[in-house]
Amino acid sequence: YGMFLVLGRCYKEEKDYQNAVMSLEMAQKLEPNGVMVTLELLRLYAQLGIDEKVYDLVHQFGEKDTRNQFVYYEAGAWLKEKGYYEDAIKVIKYGIAKNPYDYRLYEELAEVYENSGDQALAKVNREKAKSIEKKVMDYMPGTIQNYNKTADILLSRGIKYIAMQYPLRRVQPLKDI
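Residues numbered from 1 in each chain as written. Predicted model: local features only at pLDDT ≥ 70, side-chain atom pairs only at ≥ 80, totals over all residues. Heavy atoms only, no water.

A.B. asks: Summarise the overall build of the protein chain; cite the residues concerned and give the values.
C.D. replies: Counting its secondary structure elements, the protein chain contains 8 helices and 0 strands. When the 177 residues of the protein chain are sorted by exposure, 36% land in the buried category. Across the protein chain, every contact between residues at least 6 apart in sequence was considered, and the portion connecting residues at least 24 apart equals 47%. (Helix = DSSP H or I, 4+ residues; strand = E, 2+ residues; numbered from the N terminus. Buried < 20%, exposed > 50% of the residue type's maximum accessible area, 1.4 Å probe, protein only. Contact = heavy atoms within 4.5 Å.)

Okay, structure coming up:
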């Protein structure tokens, strides 16, 4: 399935949309639960304006077991853009259930509520998004500091190349390098 996924992406990049669709549809047949294939097809169908196929794919996301928040974010954004607010809310909420700490999903949900006229729920979700985003942004500088500290320690010992697993959460274990 991976070969057809890569081929589909290449054809799409070359603007050979007929072969891109054919390759991605073959990849989906080989891996029906493949979230990345479904996401690529969603993007391609949306780009080509094949709304009924996008709509069908969007409704498959609830059946797929994924933590890929972009699937829900993009599906919800597309549904919102087309005015399918109830469907957008359903898909985004499913994404939030799978990814409760992704502030972008709450922001997208707030936009859907705002567009549908429910300002109260839009406000609640925007506040939730801001709260989560603050926590994420508070964490980020610490991660950057940890990587900088790692680089300093390794360079001071003459080590130029390493393989590292992300995320490194604290510097304390580095003393033993």
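There is more to say, and it comes next.
A.B. asks: Account for unusual backbone geometry, naming residues and giving values.
C.D. replies: In this model, Lys 15 sits at a positive phi of 65°, which is unusual for a non-glycine residue. By secondary structure assignment, the location of Lys 15 is in the loop between helix H1 (2–13) and helix H2 (17–30). Lys 15 gets classed as exposed once you look at its relative accessible area, which sits at 60%.

A.B. asks: Mind laying out a nonpolar patch on the surface, listing which residues take part and the relevant values?
C.D. replies: Side chains of Tyr 1, Met 26 and Leu 30 sit close together on the surface and give an oily, nonpolar patch of about 270 Å² of accessible area. Here Tyr 1 shows up in the segment before H1. (Patch = residues over 30% accessible without salt bridge, like charges linked within 9 Å, V, L, I, M, F, W, Y side chains within 5 Å. Areas by Shrake-Rupley, 256 points an atom, 1.4 Å probe, with all protein chains shown as cover. Salt bridge = Lys/Arg side-chain N within 4 Å of Asp/Glu carboxyl O.)

A.B. asks: Can you tell me about the confidence of the model for the protein chain, naming the residues and giving the values?
C.D. replies: Mean pLDDT over the protein chain works out to 82, with 82% of the residues at or above the 70 mark. Of all secondary-structure elements in the protein chain, the lowest mean pLDDT belongs to helix H8 (residues 119–156), at 79, while helix H7 (residues 103–116) reaches the highest, 94. (pLDDT = per-residue confidence, 0-100.)

A.B. asks: Please give an account of the pattern of salt bridges that cites residues and values.
C.D. replies: Tallying each qualifying case throughout the model produces 9 salt bridges. For Glu 25, the salt bridge is made with Lys 53, and the minimal N-O distance between the two is 3.5 Å. Of the two residues, Glu 25 sits in helix H2 while Lys 53 sits in helix H4 (residues 51–58), which places them 28 residues apart along the sequence. The class for Glu 25 is partly exposed, based on a relative accessible area of 26%. Measuring nitrogen to oxygen at the nearest pair gives 3.5 Å for the salt bridge that ties Glu 40 to Arg 43. Taken together, the positions of Glu 40 and Arg 43, both in helix H3 (residues 35–48) and 3 residues apart, correspond to about one turn of that helix. Among the charged side chains, a network of salt bridges with common partners joins Arg 9, Glu 40, Arg 43 and Glu 74.

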